[in-house]
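# Coordinates in review
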Amino acid sequence: MTLSRRDFVQSAGLALTGLVVTFHVPHIVRAAPTLSAPKGPPPPNSFVRIAPDDTVTVVLAHSEMGQGMWTGLSMLIAEELECDWSKVRPEHAPAEAVYARPNRGIQMTGGSSSINSEFDRYRIVGATARDMLVRAAAARWTVSPASCTVAKGVITHGKSSLRFGEVAEEAMKLTPAASVPLKKAKDWKLIGQPVKRLDSPEKANGSAKFGMDVTFPGLRTALVARPPAFGAKLVKFDGAAALQVSGVEKVVSTGNGVAVVAAHFWAAKLGRDALVIEWSPPPGGGLSTETQMAEYRELAKKPGAIAQEVGQVEGGLGGARSVLEAEYEFPFLAHAPMEPLNCTVKIDGDQCEIWTGTQFQTVDQGAAARVLGTTPDKVQIHTPFLGGGFGRRANPASDFVTEAVVVAKAAGVPVKVVWTREDDIRGGYYRPAYVHRARVGVDDKGNPVAWDHVVVGQSIIAGTPFATRIKDGVDETSVEGAKNSPYLENVPAKRVSLHSPKSDVPVLWWRSVGNTHTAFAMESMIDELAHAAKRDPVEYRLALLDKSPRFVAALKLAADKAGWKKPLPVGRARGVAVHEAFGSIVAEVAEVGVEDGRIRVHEVTCVVDCGTAVNPLAIEAQVQGCVVYGLSAALYGKLTLVGGKVQESNFHDYQPLRMFEMPHVSVTLMPNSDAKMGGIGEPATAPIAPAVANAVFALTQQRLRKLPLRLA
Amino acid sequence: MKLDINGRVHEVDAPPDMPLLWVLRDLAGLTGTKFGCGMAQCGACTVHLDDRPVRSCVLPVSAVGMRKVTTIEGLSTDNSHPVQRAWIEADVTQCGYCQSGQIMTAVALLDKKPDPTDEEIDTALSGNVCRCGTYMRVREAIHLASKLKRGVR
C-alpha cells in the first residue's frame, strides 16, 4: 500500500503544559489536507502525537470496551514507530470523519474488526512517523537517514543518538514520505507477542473513567420512566409528587417517556418512583413470547425469502433414505453489559458536548445533531471507557444518546441520563428471538443429500440505515452461519430461507450476531445426523468438511487437545462444535456433567484460527470471555414477554454465569495460520451452546433444541 | 453527617435512606465504586465496612455510622497493594467495570484466608458478576496475590 503526499499534514499545537509538537497522519482516503490552527489543542485528526518528553499518544479510532484494542491498536503503531512501549499513551478519538472505519464510512467498533480493519492504517502511521523522525535526526547530523538505526524511541548514528522527543519538532516540518515500507512479519517485535494491557493500572485502582463516572460542576442526573410495555404510549403524567422529593429539580417529557432531573442519582430514582403516569395499552395487547413462538413455528413450516438455493430440495428430500426434522428455538436476549447505559449531554448555545460509552460515534453524533436541528460538526462526542458493549452500544437508532439530548434540551441544564439495570434489561434492542426448522434427507451412509433450512426472526437492520443491505428480502445477519455453512458444501440440494416478521420489540446485534443461533442450529443438526448414522461426531464432521481444510484442521486439533477419544469418568461427556464467524474459525469441545439436575460445564477446549495473531494474551482473554458470554446465554439467557412486558428485570432472573460455574477454558491458536486475519471479539461465542448441548446429548440422550438449555 | 472513608472524615449532606454507593459516587466524588444492579446481585459496588466486604448499593448511609469505609481508592492509588499488583500482572481486566468490586472482594478474602483454594475463591467471588468473563484470570490473580502477600514470590 502506498500513500500519496497530500494525505499527510503536519501541525504543531500549544497544549496546556507547554509546547507539544504533533505530527499526524490522517485517514489515507482523505481528499485534502486540513491545516489546524497554529495554537490550541492538538488537531482532532491526528493518529499519533509525540511530545518533547517522548510520550507517544496514540489516538484510537475504535472504542475500548474490554476487547483490548487500547493495547492492540497501540501495538500496531509502536511496531513500526519503534518507540519506547512504556511511553505509549492511548486515547479515544473524537467523532470525526477521519476516524471512520476503513471501508465503512462510519466511526464504529463492532464486527470484531478493530484490529483487522486497522492493521494497515495504524502500521503505516507508525512507519511514516518513524521515517520523519529519522530524517530529522539525520539532517541534524548531516548524515544519510539510511545510516541511522532506531530502537525504543532512540535514533542512533555511530556514537550519536537522539530521542524522539528531541527531534519531534524538526520532524514535524518535514514532508511525509509518499510511501513507506512496512516490516516483514519475521521482523516484528511486538506483533505476535503476549503484550499486557495498557489500561490495567487505571482499572485496578478505580481511576479509569467510564461514562457513568463523568462529572463536572452543574451536571445533573436524570432517570427516565419509559413505557412499561413495548408498543405502549405516554398518555399523561403528573410530576407533582416527584418534585416534592428532596433533590429533584425538574420533570420533563421525552416524548414517549418522562425524565426526572435531580441533583444526584438517588433523588432522581426516588423522584421517578413518585411519578404518576398513564400509559396506553400496547396495540393488540402486546407481544407475548408464547404466541410469538407459536407463530414462528407455524411460519417455519414453509420456505421464506431465499438466502441460498441449489438443486431440487423437495425432490432431494423425497428421494432420501430418511429425513430428519428438527426445530430449534431461541429467546430474546439482553446484552446486559456491566455498566448500565448512560449518556451525559451539555448543550451550550449551538454547541453540544456528549460523553458516552459508545460503539457508534459518528452515528450518535448525527442523531444528536438531528435532535438539535443542527449539523454534526456542532456536536462533540467524548468516549470514556465502555463498561462492556457486546453490540448494545452500537445502535443505528442511537436510542440512549437521542433520549439524553432530548432530556438535556428540555431541562435546559447539563444532564447525565442513567439507566438502572431494570431499565437495561427491559429497554429493548435485544438479540431477536428465532425459530429454525431444518429438514435433512440422508443417504444410506447417513450423509446429507438434501437440506431445507428455514429461519424465522426479526431483521436487525430493517428500518435502519443499514437496511440497504437487505437483498431479495434477506437480512444477511439473520442467516449468516447457516447460509454457506461448510457442512452444506457437499450437499447437492439445499435451501436456506428466511421469514422476518416485525414486532414492537426493538432488536439489535448481540455478540456474534446471527451466529448466536445459526451455529446452534447447524451444529446441533449435524450432531443429530452423526448419532443417527451411528458415527463418531468428530469423524462425521471431518468427512463432511473435506472441502474446508481450515475447519478440518481446527476441529482435529481441538479433538486432539481435548482428548476426544479418551475415556471420561462416569457422569461426564464431551460435545463438539466448530463454526466460522468474522473470518475466524473456532472449534470448541465442552466436557459436561449434571449436578443436582443442572448442566455443569467443567472444561472447554478451544482452538482458534484467526490468521495473524496480534496479541495472543488478548486473544486468549477474548475467547474465554466469549465462552462465558455464550455460556450465560446457553444456560440461563432468556427474556419472556407477556402483554408486551418483559418479565425479567435484573441479574437474579436474567442470570449471568458466575465464578463457581466457570469452567476451565483452554485456548490454542492454530499454529502458523496464513489465513487472512479474522476477528476475535465475537467468534468464540457461538460454538459453546451447541458444544454443550451435544455433550448433554452424549451424556443423557436428551436432545435439547431450545435455548436456554434445560434438562427434562 | 460524617463518614470515615479511606481514613478521612467526609462531611456529607445525604438523606438517611441514600445507599452508601451513591453517597460515595455522587457526594464524595469517589467513582471507583460502581453501580451495576442496585440490588446486591452483581458486586460491582463492593466496599469494605470495617474490613468486611459489603454491597454499598443496598446499604443505607444511615447504617454506616463511623465505621471505616474502604473503597478501591483506599487500597492504594499507585497500585502498590499486592492484589492490585497481581491483577495487573495476571492481565485480568477487560472492560474493567466490575473490577473494583472483584478486587475489594478478593482483598477481603485474602485477609481472612491468606492462601485460599479454588473452591474458597469460587465461594467468595460468586457474588461478583463479570460479563466480560474474566473469571479464570481473577482466580489466577488471587493465587498470585496470595503469594505476593505472603512473600513467597
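Since the structure is predicted, the reported quantities are computational estimates derived from the model, not experimental observations.

Per the secondary structure count, chain A includes 17 helices and 28 strands. Relative to the compact-globule value of 27 Å for 712 residues, chain A shows a C-alpha radius of gyration of 27 Å, a close match. Over its C-alpha atoms, taken along the principal directions, chain A stretches across nearly 80 × 70 × 45 Å. Relative to its 712 residues, chain A shows a buried fraction of 58%. Considering only residue pairs separated by 6 or more positions, chain A has 77% of its internal contacts joining residues 24 or more positions apart.

Let us now look at the interface of chain B and chain A. The interface of chain B with chain A comprises 46 residues on the first partner and 47 residues on the second. Only α1 (20-27), α2 (72-75), α3 (82-89), α4 (99-112), α5 (118-125) and α6 (135-150) of chain B provide two or more residues apiece to the side of chain B that touches chain A. Residue classes in the side of chain B that touches chain A are distributed as 22 nonpolar, 19 polar and five charged.

Residue and element names in this part refer to chain A. Reading across from one edge, β14-β22-β21-β20-β15 is the order of the five strands in this open sheet, with mixed pairing throughout. In this open sheet, the two strands that pair with only one neighbour each are β14 (305-310) and β15 (322-330). Across the sheet, the mean angle from the axis of one strand to that of its neighbour is 10°, orientation sign disregarded. Across the sheet, helix α7 (residues 289-299) touches β15, β20 (434-442), β21 (448-457) and β22 (493-499), and the angle it forms with β20 is around 30°. Running at roughly 150° to β15, helix α13 (residues 515-532) makes contact with β15, β20 and β21 of the sheet.

On to helix α2 (residues 114-141) of chain A, then. All names here are of chain A. Taking 1.5 Å per residue as the helical rise, α2 with its 28 residues ought to reach 40 Å, and the 39 Å between its terminal C-alpha atoms agrees with that figure. The largest bend along α2 reaches roughly 45° and is located at aspartate 120. Taken across its 28 residues, α2 has 22 buried, putting it largely inside the fold. Once α2 ends, the next one or two residues include threonine 142, with phi positive near 45°.

Residue and element names in this part refer to chain A. Here the bond from leucine 707 into proline 708 is cis, since omega is -5°, no more than 30 degrees from zero. Checked against the element boundaries, proline 708 lands in the segment after α17 (688-700). One non-glycine residue, phenylalanine 390, lies in the positive phi region at around 60°. In the Ramachandran plot, asparagine 672 falls in the positive-phi region, its phi being about 55° despite a non-glycine side chain.

This part covers the confidence of the model for chain A. All names here are of chain A. Mean pLDDT for chain A: 93, with 94% of residues reaching 70 or above. Within chain A, strand β12 (residues 258-262) carries the highest mean pLDDT (99), whereas strand β1 (residues 9-15) carries the lowest (32). Note that pLDDT drops below 50 for residues 1-23; the model gives that stretch 66 contacts with residues more than four away or on any other chain. Every residue in residues 25-45 is under pLDDT 50, and counting partners more than four places away or in other chains gives 46 contacts.

Residue and element names in this part refer to chain A. Counting buried positions along β21 gives 10 out of 10 residues, so the element sits mostly inside the fold. Sheet topology note: the β20/β21 ladder contains nine bridges and is antiparallel. Bridge pairing links alanine 438 to histidine 453 in β21. Joining the antiparallel neighbours β20 and β21 is a turn of five residues, in which glycine 446 adopts a positive phi near 90°. By the bridge criterion, seven bridges tie β21 to β22 in an arrangement that is parallel. Residue pairing in the sheet places valine 455 in a bridge with leucine 498 of β22.

What counts and how
- Residues numbered from 1 in each chain as written.
- Chains lettered and ligands numbered in written order.
- Predicted model: local features only at pLDDT ≥ 70, side-chain atom pairs only at ≥ 80, totals over all residues.
- Helix = DSSP H or I, 4+ residues; strand = E, 2+ residues; numbered from the N terminus.
- Rg over C-alpha atoms; globule rule 2.2 N^0.38 Å.
- Buried ≥ 20, exposed ≤ 12 C-beta atoms within 10 Å, placed from the backbone.
- Contact = placed C-beta atoms within 7 Å.
- Nonpolar A, V, L, I, M, F, W, Y, C, P; charged D, E, K, R; others polar.
- Pairing = 2+ DSSP bridges.
- Axes fitted to C-alpha atoms, helices over the stretch in contact; angles between N-to-C directions.
- Expected span 1.5 Å × (residues − 1).
- Bend = angle between axes of the 7 residues up to and from the residue.
- pLDDT = per-residue confidence, 0-100.

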